[in-house]
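# Fold and contact review
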Amino acid sequence: LSLTIIVAKSSRPRLPVLGYVEEEKTYRDIRHYPEAVTYPNMVIIRVDASLYFANASFVKDHVREQLIQKPEAKWIVLDMSGVNDVDGDAVFTLGNMVEEYAHHAVKIVFTGMKAQVRQVIKKTDWYHTQDGVMEYATLEQAVQEILSGSEERKREP
């Protein structure tokens, strides 16, 4: 029973959509911080679990749902600071997602990857074949880079 509960919980990781909370100078879950600032052409999602075969499709589906809710989004920023491990199936799923959305003019970038996750992902071909930078050290760095080079300077109310 315990094993079943663990697998069930880990197959549906928390994936909060983030916005910038000016008073705290950080990014927070917009469900808990309705005053958090978001951007019209960007969705920021934090992955709060390690990625593996049982939950990678859930992440992909969540990204798709966010793009359906915000069709003007051209950037998906995945904050990977909560990911301690990743397996080959998850890397394959992430790669497919990056390539699929690139065909729809949506770019996916990653932030906050731990060394062990970065090492696994960098071994894949898709990581090296995408145009431009796909990885940023911090969420703040990624958002600022995106905002400085695009029309996303407008903030949503």
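All figures in this text were calculated on a predicted structure; none of them were measured in a lab.

## Details of the packing of helix α2 (residues 56-69) against helix α3 (residues 88-102)
Here α2 crosses α3 at 20 degrees, and the two axes come no closer than 9 Å. Here α2 is positioned roughly parallel relative to α3, judged by the angle of their axes. In this structure, the crossing between α2 and α3 has a hand that is right-handed. Residue-level inspection shows Ala56, Ser57, Lys60, Val63, Arg64 and Leu67 of α2 in contact with α3, the latter providing Ala90, Thr93, Asn96, Met97, Glu100 and Tyr101. Here the contact of α2 with α3 is built from residues that sort into six nonpolar, three polar and three charged.

## Description of the pattern of salt bridges
For side chains of opposite charge, pairing can occur when their charged atoms come near one another. Applying the stated criterion across every chain yields a total of nine salt bridges. In this structure, Glu24 and Arg28 form a salt bridge, with 2.7 Å as the shortest nitrogen-oxygen distance. For Glu24, a relative accessible area of 35% corresponds to the partly exposed category. A relative accessible area of 33% means that Arg28 is categorised as partly exposed. Notably, a salt bridge pairs Arg31 with Asp29, separated by 2.8 Å at the nearest N-O pair. When its relative accessible area of 60% is taken as the criterion, Arg31 is described as exposed. One network of salt bridges, with partners in common, ties together Arg14, Asp29, Arg31, Arg46 and Asp48.

Quick notes on the rules
- In this numbering scheme, every chain counts its residues from 1 along its sequence in written order.
- Given that the model is predicted, a residue must reach a pLDDT of at least 70 before its local features are reported, and side-chain atom pairs must reach 80 or more before they are shown or counted; all residues, however, enter totals for whole chains, interfaces and linings.
- Values reported for side chains reflect all heavy atoms of the structure, with hydrogen atoms and water molecules removed beforehand.
- Here, axes are lines fitted to C-alpha atoms. For helices the fit covers the stretch in contact, and angles between N-to-C directions go from 0 to 180 degrees.
- Secondary structure elements follow DSSP: runs of H or I of four or more residues count as helices, runs of E of two or more count as strands, with numbering from the N terminus.
- Roughly parallel means an angle under 35 degrees; roughly antiparallel means over 145; roughly perpendicular covers 65 to 115; every other angle is labelled oblique.
- Put simply, a crossing is left-handed when the front helix is turned counterclockwise from the back one by less than a right angle, and right-handed when it is turned clockwise.
- By the convention used here, residues are in contact when the closest approach between their heavy atoms is within 4.5 Å.
- Residues are sorted three ways: Asp, Glu, Lys and Arg are charged, Ala, Val, Leu, Ile, Met, Phe, Trp, Tyr, Cys and Pro are nonpolar, and all the rest, Gly among them, are polar.
- In what follows, salt bridge is the name for a side-chain nitrogen of Lys or Arg lying within 4 Å of a carboxyl oxygen of Asp or Glu.
- Burial classification: accessible surface area is computed with a 1.4 Å probe over protein chains only, and a residue below 20% of its type maximum counts as buried, one above 50% as exposed, and the rest as partly exposed.

By themselves these figures say nothing about function.
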